[in-house]
Amino acid sequence: MIKFGTSGFRAKMGEDFTKENIQKIAQALSIVIKKEKSTKPVLIGFDRRFMSDYFAKWFAEVLAGNKINTLLFNRPVPTPAVMFGVKKNDLDYGIVITASHNPYVYNGVKIVIHGGQDAQVELTKTIEKLANNIRKPKTLDFDKAVSSKYIQEFDNIKDYIKNLEHFVSKNLKGNSTKILFDCMYGVTGESARLFAKQFKLENFDIINDSNDPYFGHILPCPNKAGLEEFKKQVTKGRYKIGLACDADGDRLGIVDEQGEYYSSNIIMAIIYYYLIKYRNMSGDIVKNYSTSNILDNLASKFGFKAHETPVGFKWISAKMKETDALFGGESSGGFTMRNYTPTKDSMFSIALFLDAVLTIGKPISKIVSEVKAFAGYISTYVEGSTYVNDRQKFLKIIQKKSPNFAYKPIEIRHDDGTKYIFEGGNWVHIRFSGTENLLRYHVEFTTEIECERNIKAILNFVDAINNNKKLK
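Residues numbered from 1 in each chain as written. Predicted model: local features only at pLDDT ≥ 70, side-chain atom pairs only at ≥ 80, totals over all residues. Heavy atoms only, no water.

What follows is about the packing of helix H10 (residues 294–301) against helix H13 (residues 364–375). The geometry of H10 relative to H13 is characterised by a closest axis approach of 8 Å and an angle of 65° between their N-to-C directions. Judged on the interaxial angle alone, H13 and H10 are roughly perpendicular. In this structure, H10 crosses over H13, and the sense of that crossing is left-handed. Across the interface between the two elements, Ile 294, Asn 297, Leu 298 and Lys 301 from H10 touch Val 371, Lys 372, Phe 374 and Ala 375 from H13. Per-class residue counts for the contact of H10 with H13 are five nonpolar, one polar and two charged. (Axes fitted to C-alpha atoms, helices over the stretch in contact; angles between N-to-C directions. Helix = DSSP H or I, 4+ residues; strand = E, 2+ residues; numbered from the N terminus. Parallel < 35°, antiparallel > 145°, perpendicular 65-115°, else oblique. Left-handed = near helix turned anticlockwise from the far one by under 90°. Contact = heavy atoms within 4.5 Å. Nonpolar A, V, L, I, M, F, W, Y, C, P; charged D, E, K, R; others polar.)

To continue, consider helix H8 (residues 228–236). Looking only at H8, the buried set comprises Phe 230, Lys 231 and Val 234. Within H8, the buried residues cover an arc of 105° as seen down the axis, which keeps them to one side. Opposite the packed face of H8, turned more than 90 degrees from it, sit the exposed residues Glu 229, Lys 232 and Lys 236. Along its buried surface, H8 packs onto strand S9 (179–182), strand S10 (204–207), strand S11 (241–245), strand S12 (252–255) and strand S13 (261–262). Following H8 by one or two positions, Arg 238 has its phi on the positive side, about 55°. (Buried < 20%, exposed > 50% of the residue type's maximum accessible area, 1.4 Å probe, protein only. Arc of directions from axis to C-beta.)

Moving on: the packing of helix H7 (residues 189–198) against helix H12 (residues 346–360). Close contact between H7 and H12 brings their axes to 11 Å; oriented N to C, the two are set at 35°. Considering the relative orientation of H7 and H12, their crossing is right-handed. Residues Ser 191, Ala 192 and Phe 195 of H7 lie in contact with H12, whose contacting residues are Met 347, Ile 350, Ala 351 and Leu 354. Looking at side-chain class alone, the contact of H7 with H12 contains six nonpolar, one polar and no charged residues.

Attention now goes to the sheet that holds S13. Strand order in the open sheet made by the five strands is S10-S9-S11-S12-S13, with mixed pairing throughout. Lying at the two open borders of the sheet, with one neighbouring strand each, are S10 and S13. Of the strand pairs in this sheet, S9 and S11 are connected by four bridges, and their pairing is parallel. Across the sheet, Asp 182 pairs through a bridge with Ala 244, a residue of S11. Along the sheet, H12 contacts S9, S11 and S12; its crossing angle with S11, the most-contacted strand, is approximately 165°. (Pairing = 2+ DSSP bridges.)

Bringing the nonpolar core into the picture now. Of all hydrophobic cores here, the largest spans 78 residues; its most connected members are Phe 195, Leu 243, Phe 327, Phe 353 and Leu 354. Those residues in contact with Leu 243 that sit more than four places away from it in its chain are Ile 179, Leu 180, Phe 181, Asp 182, Phe 204, Phe 230, Leu 252, Gly 253, Ile 254, Ile 350, Phe 353 and Leu 354. Listed in part, the 39 residues of the second largest apolar core include Ile 2, Ile 22, Ile 33 and Ile 127. (Core = buried A, V, L, I, M, F, W, Y, C linked by side-chain atoms within 4.5 Å.)

Look at Arg 238: it is not a glycine, yet its phi comes out positive at around 55°. Examined against the element boundaries, Arg 238 turns out to sit in the loop between H8 and S11. One non-glycine residue, Asn 468, adopts positive backbone phi at about 55°. Turning to its location among the elements, Asn 468 is positioned in the segment after helix H15 (448–466). Residue Asn 468 is classed as exposed on the basis of its relative accessible area, which comes to 62%.

Here the focus is a nonpolar patch on the surface. A contiguous nonpolar patch, built from Tyr 104, Val 105 and Tyr 214 and spanning about 260 Å² of accessible area, is present on the exposed surface. In this structure, Tyr 214 sits in the loop between S10 and H8. (Patch = residues over 30% accessible without salt bridge, like charges linked within 9 Å, V, L, I, M, F, W, Y side chains within 5 Å. Areas by Shrake-Rupley, 256 points an atom, 1.4 Å probe, with all protein chains shown as cover. Salt bridge = Lys/Arg side-chain N within 4 Å of Asp/Glu carboxyl O.)

On inspection of all chains with the given rule, the structure shows 29 aromatic pairs. With a centroid separation of 5.2 Å and 90° between ring planes, the pair formed by Phe 55 and Trp 58 is classed as edge-to-face. A residue pair is termed a helical-turn pair when its members lie 3 or 4 positions apart in one helix, as Phe 55 and Trp 58 do in helix H2 (residues 52–65) at three residues. In terms of burial, Phe 55 and Trp 58 fall into one category: buried. With a centroid separation of 6.2 Å and 50° between ring planes, the pair formed by Phe 195 and Phe 204 is classed as tilted. Joined through ring pairs, the aromatic side chains of Tyr 272, Tyr 273, Tyr 274, Tyr 278, Phe 302, Phe 327, Phe 335 and Phe 374 make up one cluster. Taking the ring centre of Phe 142 as reference, the NZ or CZ of Lys 57 above it sits at 5.2 Å. Over the ring of Tyr 239 we find Lys 178; its NZ or CZ atom is 4.8 Å from the centre of that ring. (Phe/Tyr/Trp six-rings, centres within 6.5 Å; stacked < 30°, edge-to-face > 60°. Lys NZ or Arg CZ within 6 Å of the ring centre and 35° of its normal.)

Below is the structure:
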């Protein structure tokens, strides 16, 4: 069964992620392209996951079988490089074979549209419906497609990195600050080396860049749990800045000089603060339902507004375009700004973050304190996940009953998972993962104790449903 989620089609390899299904998606896209009468080539990229290069070729064979030209990357590349390529070359479509930060047993297909954006829901629903009704895709053998010029080699990594120069100040270039970069066995190693060379960073060390299909037996996601060992490496090596990217290069995690981890909530706050206060830029900010109120506080302090969207970067980029926002991103680890490719991009995030830190000229820990004080932010933000046995049962119950929270919510929204709003701007957001029966929760309250109490309410609620207990 082919089903698109928040960021494309993802599934376990050997189950729903098969050659057959990938070629059905390619045939469905071919039908859409023919109907639109587009004559532009489709750009195809792939990451380091097991057999991603094969799946990319199998996808290209179907496009060639439908007489649609393909530009195929000649090696694994970050997802943002494909999106940049679609925008820079004025293409209508791009494809990335990736499952981003998911476990190694997963792979996926991400569809990129004109301008370098994530495909909107209407398109993915159309492709999903078409794909599930296709019996036999048209194909042309890869070697024949290459000799017939339907498939041509492509590379843009140097241009992708050079483009970053347009968005940073001169303070980034030629710095000797000691920096450690963790590839998490993903696809960002080459980009990181080019980045360090481009900006003449003298002490930029790279680790975990080998091609490991198991991603070091950890989840290739730069969250707090995944970077425990990295935190030790940063402090032991006396690095001032630790940077870590996910497997396909669109998410970023930061570790400071004291070994403290910072998620995208704080990274975005620092960059937005820097762009307006130090670069004299102006504009609103866009965030999703799971992102911290520190961004609302900052926007308000600067005389701007924070707009909120459902989870998924396609919603962020659409709202940024609608409001001409300066900056936008998600708590999960990615963001963009006005005039850049409308997608989350770890190398772009790194460029802006380093530019901010090196321009402000203070240790990260001091900058975090400065930004929080300016924003008047004193709350605690916690995220986590728990397993749900029966997703449909849970979704039915959550529409009528709520966890036994410490406080009564003043508003409940069900448009993207369920978000509970409490007095004083405190909130809880729960929603399912797009690929697993994992219920993700994000909570933000004034104190850590309040966060713990309300997380316990969520876990008790899930436990009751999983074990058919009576809900209070």
